[in-house]
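What follows is each chain in one-letter form.
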Amino acid sequence: MNYSISKIYRIITLLNCLDKVAEKIIAMQLSYTVEINDKLLDFDQMRDRKQRSVINAVLNLVHDVQMTKSRENTLICLLLDVKEAFDHVALKQLIKILIKLKILINLIK
């Protein structure tokens with residue numbers, strides 16, 4: 001091989017690595033923004049939030065049941081599996097809501 005010919009060299013690309021780093025940075029920034037802004041997620045939202053887990057959700061449910069029972073009220077609990085319910089989000093509507101909540105515009109776009 002003649003190493004003086006530039007065609008024999010292949011460019012080594014790090015785009016996959018940069019993608020992963022950028023994705024992690026964006027995820028961390030979004031997580032931080034959600035945690036400091038109380039209006040974005042309901043207090044009882046547990047998934048993908050720091051210091052919250054299924055245990056917290058169960059404890060909240062148990063607390064609600066106990067409070068209802070102590071007040072001698074009736075409680076109805078409906079549990080749904082909505083894993084794929086939000087695959088298609090109305091992006092324009094979501095952006096309008098985020099702007100209304102005064103989320104930084106550079107995080108939205």
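Because the structure is predicted, anything quoted here is derived from the model rather than measured.

(A) Summary view of the overall build of the protein chain. Each helix and strand in the protein chain was counted, giving four helices and zero strands. Mapped from its N terminus to its C terminus, the protein chain presents α and β elements in the order α-α-α-α. When the accessible surface of the protein chain is split by element, carbon and sulfur atoms take 60% of a total near 11,000 Å².

(B) Structural view of the side chain of Thr68. You can see Thr68 is positioned in helix H2 (residues 54-70). Judged by relative accessible area, which is 14%, Thr68 ranks as buried. A polar atom in the side chain of Thr68 sits 2.8 Å from the backbone oxygen of Asp64. Thr68 has contacts with Asn73, Thr74 and Leu75, leaving out every residue within four places of it along the chain.

(C) Looking closely at the side chain of Thr33. Note on placement: Thr33 falls in helix H1 (residues 15-36). At a separation of 2.9 Å, a polar atom in the side chain of Thr33 contacts the main-chain carbonyl oxygen of Gln29.

(D) Inspection of unusual backbone geometry at higher detail. We note that Glu72 has phi near 60°; this positive angle belongs to a residue other than glycine. Mapped onto the elements of the fold, Glu72 is located in the loop between H2 and helix H3 (91-100). Residue classification places Glu72 among the exposed positions, given a relative accessible area of 72%.

(E) Structural detail: a nonpolar patch on the surface. On the surface, Val54, Val58 and Val62 cluster together to form a nonpolar patch covering roughly 250 Å² of accessible area. Its location among the elements puts Val62 in helix H2. Exposure remark for Val62: the relative accessible area of 37% places this residue in the partly exposed category.

(F) Representation of the layout of surface pockets in the model. Size it by volume and the second largest pocket reaches roughly 250 Å³. Lining the second largest pocket are Asp44, Met46, Ala57, Val58, Asn60, Leu61, Asp64, Cys77, Leu78 and Leu79.

(G) Region of the structure containing H2. Under the 1.5 Å per step criterion, the end-to-end length of H2 is 24 Å for 17 residues, consistent within 8% with the ideal 24 Å. Remark: Glu72 follows H2 within two positions and exhibits a positive phi of approximately 60°.

(H) Layout of the environment of Phe43. Within the secondary structure, Phe43 is located in the loop between H1 and H2. Classification of Phe43 as exposed rests on a relative accessible area of 59%. If near-sequence neighbours (up to four positions away) are discounted, Phe43 is found in contact with Arg49 and Arg52.

(I) Main features of the confidence of the model for the protein chain. With 83% of its residues at a pLDDT of 70 or more, the protein chain shows a mean pLDDT of 79. Looking across the protein chain, the model is least confident in helix H4 (residues 105-108), with a mean pLDDT of 64, and most confident in H2, with 89.

Cut-off values and rules
- Residues numbered from 1 in each chain as written.
- Predicted model: local features only at pLDDT ≥ 70, side-chain atom pairs only at ≥ 80, totals over all residues.
- Heavy atoms only, no water.
- Helix = DSSP H or I, 4+ residues; strand = E, 2+ residues; numbered from the N terminus.
- Areas by Shrake-Rupley, 256 points an atom, 1.4 Å probe, with all protein chains shown as cover.
- Buried < 20%, exposed > 50% of the residue type's maximum accessible area, 1.4 Å probe, protein only.
- Polar contact = N/O pair within 3.5 Å; in protein donor to acceptor, adjacent residues only side chain to side chain.
- Contact = heavy atoms within 4.5 Å.
- Patch = residues over 30% accessible without salt bridge, like charges linked within 9 Å, V, L, I, M, F, W, Y side chains within 5 Å.
- Salt bridge = Lys/Arg side-chain N within 4 Å of Asp/Glu carboxyl O.
- 1 Å grid on protein atoms, 1.4 Å probe; cavity = no way out; pocket = protein on both sides within 12 Å on 5 of 7 lines; lining within 4 Å.
- Points joined across faces, edges and corners; volume = space filled by probe spheres on them.
- Expected span 1.5 Å × (residues − 1).
- pLDDT = per-residue confidence, 0-100.

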